[in-house]
Amino acid sequence: MAASGYGKRSAPDQLPRGAGDFSHLPAREAYLASLVDRLPDGAAMDVKTLAAYQPLFGQMAVRTALNKLSAAGHLRRIRERIDSKDCRWVHRTYFSRTPRSDAWWDRFIATGEASTPADPDPPKERPATPAQTPAYTALADLGLADPRLSLSAADCTALEPLAAEWFARGTTPALFTAALVSGLPPDIHSPAGFTRRRLVDKLPPERSAPPARITECTACRTPCRPPALPGGLCRPCRSGLTPPPPPTRLAPAAVHRHAAGIRAALPGNARRLTGALASTAASPRPAAPAPGPPRHWPPGTPPH
């Protein structure tokens, strides 16, 4: 089992196993796909473990084969939350014995539901909306919380779209009731009109829910939106390019070595000029001559 990393999950609605399941793939990819297909759900799907499962291919070959299986529609790497109340994320590799199109994978990642292999694009039919929605029930229960907001069935039907917007923004029935019945005036002559006004004025703000799943590139594991991952691979990985490594700083010793190499590579004239300047700066300046004895001029002769 995978303690960490990309544990296997089987995609839904796969065809039964057959002798020609992976006959459309090259020999290496067909061999590894058959191996992965027989692994139980939760098995480790990292390259190192898959290379250790079998004796024929090393880690580099396994990594290349997984990329090709992703491009052929057999697997997707997905990062998803455990549930709506838990903020922890897990990494999983969904594998499908039946090759799927990008549209099938995109819909499965977005909704968690699978369409039939023969017709992967149209969504499944939704069950009919029940007669009493949570919004309708919350409006009908206002009269139980405070008789001044007792509404008729017609009032609840008319106000249901406004109340449904509250629940679409994450409001619970308890918060809904508390917001509408708090601070009521002594007399309410029109419960429906008063409730409508409060539904509009006290509408809570929209809350953007984080995505429950994030698709990752099969090769480099970079999170991307599904439309940017045709075949499960990002653009650099599809073109065989890898992102450049981050720049690194040179150590002081390496800087000194580079500077010495540059000085050694200078032309002869520039090197001699550099040496002359260095020697001139290092040699001391000549001292001024010491003053001689004072000269005596004959009387009456002006000094020159």
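The structure this text deals with has already been given above.
Residues numbered from 1 in each chain as written. Predicted model: local features only at pLDDT ≥ 70, side-chain atom pairs only at ≥ 80, totals over all residues. Heavy atoms only, no water.

> With reference to specific residues and values, describe the overall build of the chain.
Within the chain, the regular secondary structure consists of twelve helices and five strands. The buried share of the chain, reckoned over its 304 residues, is 30%. The contacts of the chain with a sequence gap of at least 6 include a subset with a gap of at least 24, amounting to 58%. Entry remark: accessible area of the chain is about 19,700 Å², with carbon and sulfur atoms responsible for 61%. (Helix = DSSP H or I, 4+ residues; strand = E, 2+ residues; numbered from the N terminus. Buried < 20%, exposed > 50% of the residue type's maximum accessible area, 1.4 Å probe, protein only. Contact = heavy atoms within 4.5 Å. Areas by Shrake-Rupley, 256 points an atom, 1.4 Å probe, with all protein chains shown as cover.)

> So, the packing of helix α7 (residues 153-168) against helix α8 (residues 173-181): which residues are in play, and what are the values?
The interhelical angle for the contact between α7 and α8, taken along N-to-C directions, is 125°, at an axis separation of 10 Å. As far as their axial angle goes, α8 and α7 are oblique. For α7 against α8, the interelement crossing comes out right-handed. Along the contact surface, α7 presents A163, W166 and F167, while α8 presents P173, F176, A179 and L180. Of the residues belonging to the contact of α7 with α8, the class tally is seven nonpolar, no polar and no charged. (Axes fitted to C-alpha atoms, helices over the stretch in contact; angles between N-to-C directions. Parallel < 35°, antiparallel > 145°, perpendicular 65-115°, else oblique. Left-handed = near helix turned anticlockwise from the far one by under 90°. Nonpolar A, V, L, I, M, F, W, Y, C, P; charged D, E, K, R; others polar.)

> Give a detailed account of the side chain of K8, specifying residues and quantitative values.
Here K8 shows up in strand β1 (residues 6-10). Within the buried set, K8 has no salt-bridge partner at all; the shortest N-O distance to an opposite charge, 4.6 Å, is to D41. Among the polar contacts made by the side chain of K8, one reaches the main-chain carbonyl oxygen of L39 at a distance of 2.6 Å. Those residues in contact with K8 that lie beyond four places of it in its chain are V36, D37, R38, L39, P40, D41, G42, A43, M45, T93 and F95. (Lys, Arg positive; Asp, Glu negative; His and termini not counted. Salt bridge = Lys/Arg side-chain N within 4 Å of Asp/Glu carboxyl O. Polar contact = N/O pair within 3.5 Å; in protein donor to acceptor, adjacent residues only side chain to side chain.)

> Can you explain the pattern of salt bridges? Please cite residues and give values.
Considering all chains together, one arrives at nine salt bridges under this definition. The salt bridge involving E165 is made with R169; its shortest N-O contact spans 2.9 Å. Residue classification places E165 among the partly exposed positions, given a relative accessible area of 31%. D201 is the salt-bridge partner of R197, the closest N and O atoms lying 2.9 Å from each other. Of this pair, R197 and D201 are both found in helix α9 (residues 191-201), four residues apart, which corresponds to roughly one turn of the helix. Look at D201 and you get exposed, because its relative accessible area is 52%. If you follow the salt bridges from partner to partner, you end up with R17, D37 and R97 in one network.

> Describe the environment of E113, and please don't skip the residues or the numbers.
Structurally, E113 is set in the loop between α4 (102-111) and α5 (134-140). The spacing of E113 and D13 is 100 residues in sequence and 9.8 Å in space, taken between C-alpha atoms.

Any functional reading would require information beyond the geometric quantities listed.
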